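Summary of the model geometry
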Amino acid sequence: YQAFGVGGTFQKDFLGYLLAQCRVPSCLPDAQSLPDGVTAHRRIGEDAAYLFVENYSAQAQEVALPDGCVDLESKKSTRRLTVEPFDVRVFRCRR
């Protein structure tokens, strides 16, 4: 959690720098940048990893997913995702 508000690109640049310095791996392929308003979170369980993709913007957004992710709602495997405005999608992925 980050508890500061700054305009422009400072927040994204600063947090990106911190994550790189601490060697925190991206939960998405090729450490892609997410569109504005989109977040992705990975939680790892005993048998699988779960990826939560959230779109807080008013526009549909495109996101690339890692290999081996299955949408828990549709039960389909996909590498590309369109997240509708204000939607949340959850995937079960290989650890």
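Treat the numbers as computed from the prediction; the structure is a model and nothing was measured. (Residues numbered from 1 in each chain as written. Predicted model: local features only at pLDDT ≥ 70, side-chain atom pairs only at ≥ 80, totals over all residues. Heavy atoms only, no water.)

A look at the overall build of the protein chain
Each helix and strand counted, the protein chain has 1 helix and 6 strands in total. Each helix and strand of the protein chain, placed in order from N terminus to C terminus, yields the pattern α-β-β-β-β-β-β. For the protein chain, the residues scored as buried account for 25% of the 95 residues in total. Restricting the contact set of the protein chain to residue pairs at least 6 apart, pairs at least 24 apart contribute 45%. Surface accessibility of the protein chain: about 6700 Å² in total, with carbon and sulfur atoms responsible for 54%. (Helix = DSSP H or I, 4+ residues; strand = E, 2+ residues; numbered from the N terminus. Buried < 20%, exposed > 50% of the residue type's maximum accessible area, 1.4 Å probe, protein only. Contact = heavy atoms within 4.5 Å. Areas by Shrake-Rupley, 256 points an atom, 1.4 Å probe, with all protein chains shown as cover.)

Some details on the sheet that holds strand β4 (residues 70-71)
Strand order across the open sheet formed by 4 strands is β1-β2-β6-β4, with antiparallel pairing between neighbours. Only two strands of the sheet have a single neighbouring strand rather than two, namely β1 (38-44) and β4. The pairing of β4 with strand β6 (residues 88-93) spans 2 bridges and is classified as antiparallel. Looking across to β6, one finds that Asp-71 is bridged to Phe-91. (Pairing = 2+ DSSP bridges.)

Some remarks on the side chain of Ser-57
Looking at the element boundaries, Ser-57 is found in the loop between β2 (49-55) and β3 (61-64). A distance of 2.7 Å separates a polar atom in the side chain of Ser-57 from a polar atom in the side chain of Asn-55. Separated by 3.0 Å, the side chain of Ser-57 and the backbone oxygen of Gln-59 make a polar contact. Residues within four places of Ser-57 in sequence aside, it is in contact with Asp-36, Gly-37, Pro-85 and Phe-86. (Polar contact = N/O pair within 3.5 Å; in protein donor to acceptor, adjacent residues only side chain to side chain.)

What to know about a nonpolar patch on the surface
Residues Phe-10, Phe-14, Tyr-17 and Leu-18 make up a contiguous nonpolar surface patch of about 380 Å² in total accessible area. As for its placement among the helices and strands, Tyr-17 is situated in helix α1 (residues 10-21). (Patch = residues over 30% accessible without salt bridge, like charges linked within 9 Å, V, L, I, M, F, W, Y side chains within 5 Å. Salt bridge = Lys/Arg side-chain N within 4 Å of Asp/Glu carboxyl O.)

A look at α1
The periodicity of an α-helix, 3.6 residues per turn, causes residues three or four positions apart to be oriented the same way. Taking 1.5 Å of rise per residue, 12 residues should cover 16 Å, and α1 covers 16 Å from first to last C-alpha, within 8% of that figure. Just beyond α1, the residue with positive phi is Arg-23, at close to 55°. (Expected span 1.5 Å × (residues − 1).)

Topic: the confidence of the model for the protein chain
The predicted coordinates of low-pLDDT regions are not to be read in fine detail. On average, residues of the protein chain score 85 in pLDDT, and 87% of them reach the 70 mark or higher. For the protein chain, the element scoring lowest by mean pLDDT is α1, at 81; β6 scores highest, at 95. (pLDDT = per-residue confidence, 0-100.)

Regarding the nonpolar core
Leu-28, Leu-51, Val-53, Val-63, Leu-65 and Phe-91 are the most contacted members of the largest nonpolar core, which totals 15 residues. Of all the secondary-structure elements, those providing two or more residues to this core are β1, β2, β5 (80-83) and β6. In contact with Leu-28, not counting residues within four places along its chain, are Leu-34, Ala-40, Leu-51, Val-63, Ala-64, Leu-65 and Pro-66. (Core = buried A, V, L, I, M, F, W, Y, C linked by side-chain atoms within 4.5 Å.)

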